[in-house]
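# Secondary and tertiary structure notes
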Amino acid sequence: MAGPTTEGRRLKRGFGGLALLGVLLVIAGLVGLVYTGVATLTSMLLFGWLLLIGGVVGLLHAIQARGTPYFWLGVVVAALNIAAGVVVLRHPHGTAEALTMFAALLFLTGGVFRLAGSVVVRGPQFGWTLLQGAFGLLLGLLVLFDWPHSSLYVLGCFFSLALLFDGLGLIATGVGGRRIVSLVTDQMTPEADEK
């Protein structure tokens, strides 16, 4: 049976691996923020491959479930995923333009609903909801007014920011986890020595 120090070392290595992955994601996010055009194209290609692979896996799953009543639904969904993946991979710039327009419209509608909701409800978070709605509306308008040029950098910027914040979260988890494991193993080690 492994002692507390062996388990502690194992856990520290695991949390160290999380922190290292976090550092890699932060670096990728920072590089993506510098080269947003490349990050946009990369995210579109990843999206296309995910759709294509998901469609193929879904089709294989549907074929295995031939006798079920959901067979044709599975085939149709898989075919749509495969078709969408092929379109995204063949036309990544056009897909980026369409998704950027969709993102701008989401920001606009979300901002308008938050603004209207904050004015109508006037709850305890009135100021924050009003600010959040105004920010969403402004962001949607900025993206929309610069469209289709904004499609070259908006999605890459979002993708890079997601990598950056995920990486920072993993670093915090890894470093915090290592500290907690150190505290626990330091507390358990004298007890083990006394026995």
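The preceding data block contains the structure.
Just so we're clear, the structure is a prediction, and the values are computed from it rather than from any experiment.

Calculation notes
- Residues numbered from 1 in each chain as written.
- Predicted model: local features only at pLDDT ≥ 70, side-chain atom pairs only at ≥ 80, totals over all residues.
- Heavy atoms only, no water.
- Helix = DSSP H or I, 4+ residues; strand = E, 2+ residues; numbered from the N terminus.
- Rg over C-alpha atoms; globule rule 2.2 N^0.38 Å.
- Buried < 20%, exposed > 50% of the residue type's maximum accessible area, 1.4 Å probe, protein only.
- Areas by Shrake-Rupley, 256 points an atom, 1.4 Å probe, with all protein chains shown as cover.
- Lys, Arg positive; Asp, Glu negative; His and termini not counted.
- Charge placed at Lys NZ, Arg CZ, Asp CG, Glu CD.
- Expected span 1.5 Å × (residues − 1).
- Arc of directions from axis to C-beta.
- Contact = heavy atoms within 4.5 Å.
- Phe/Tyr/Trp six-rings, centres within 6.5 Å; stacked < 30°, edge-to-face > 60°.

## Here's the deal with the overall build of the protein chain
- When helices and strands are tallied, the protein chain shows 6 helices and 0 strands.
- For the protein chain, the succession of helices and strands along the chain, N to C, is α-α-α-α-α-α.
- What you see for the protein chain is a C-alpha radius of gyration of 24 Å, clearly larger than the 16 Å of a compact globule of 195 residues, by over 25%.
- Its C-alpha atoms put the protein chain at 70 × 55 × 40 Å along the principal axes.
- Looking at the 195 residues of the protein chain, the share that counts as buried comes to 24%.
- Carbon together with sulfur atoms contributes 74% to the accessible area of the protein chain, which is approximately 12,800 Å² in total.
- Between the centroid of the 11 positive side chains of the protein chain and the centroid of its 8 negative side chains there is a distance of 7 Å.

## Examining helix α3 (residues 71–90)
- Across its 20 residues, α3 extends 29 Å between first and last C-alpha, which sits within 8% of the 28 Å expected from 1.5 Å per residue.
- When we look at burial in α3, the residues that qualify are Phe71, Val75, Ala78, Gly85 and Val88. Down the axis, α3 shows its buried residues gathered within 165° of arc, on one side only. Turned more than 90 degrees off the buried face of α3, the exposed positions are Trp72, Leu73, Leu80 and Arg90.
- If you follow the buried residues of α3, they end up packed against α2 (36–64) and α4 (92–121).

## Quick look at the packing of aromatic side chains
- On inspection of all chains with the given rule, the structure shows 2 aromatic pairs.
- For the ring pair Phe71 and Trp72, a centre distance of 4.9 Å and an interplane angle of 70° mean the geometry is edge-to-face.
- By relative accessible area, which is 16% here, Phe71 ends up buried.
- Ring centres 5.7 Å apart and planes at 75° place the aromatic pair Phe107 and Phe158 in the edge-to-face group. In this pair, Phe107 sits in helix α4 while Phe158 sits in helix α6 (residues 154–194), placing the two residues 51 residues apart along the sequence.

## Observations concerning α4
- Along its 30 residues, α4 runs 42 Å from first to last C-alpha, staying within 8% of the 44 Å computed at 1.5 Å per residue.
- Looking only at α4, the buried set comprises Pro92, Thr95, Ala96, Thr100, Ala103, Ala104, Leu108, Gly111 and Ser118.
- Positive backbone phi, approximately 50°, marks Arg122, located one or two places after α4.

## As for the environment of Ser118
- By secondary structure assignment, the location of Ser118 is in helix α4.
- Non-local contacts of Ser118, meaning those with residues more than four positions away in its chain, are made with Phe126, Thr129 and Leu130.

## As for the side chain of Thr36
- With respect to the helices and strands, Thr36 occurs in helix α2.
- For Thr36, a relative accessible area of 18% translates into the label buried.
- Apart from residues no more than four positions distant in its own chain, Thr36 is found in contact with Leu152, Tyr153, Gly156 and Cys157.

## Observations concerning the environment of Leu33
- On the secondary structure map, Leu33 appears in helix α1 (residues 4–34).
- The spacing of Leu33 and Ala116 is 83 residues in sequence and 33 Å in space, taken between C-alpha atoms.

Take it as geometry only, folks, not as evidence of what the structure does.
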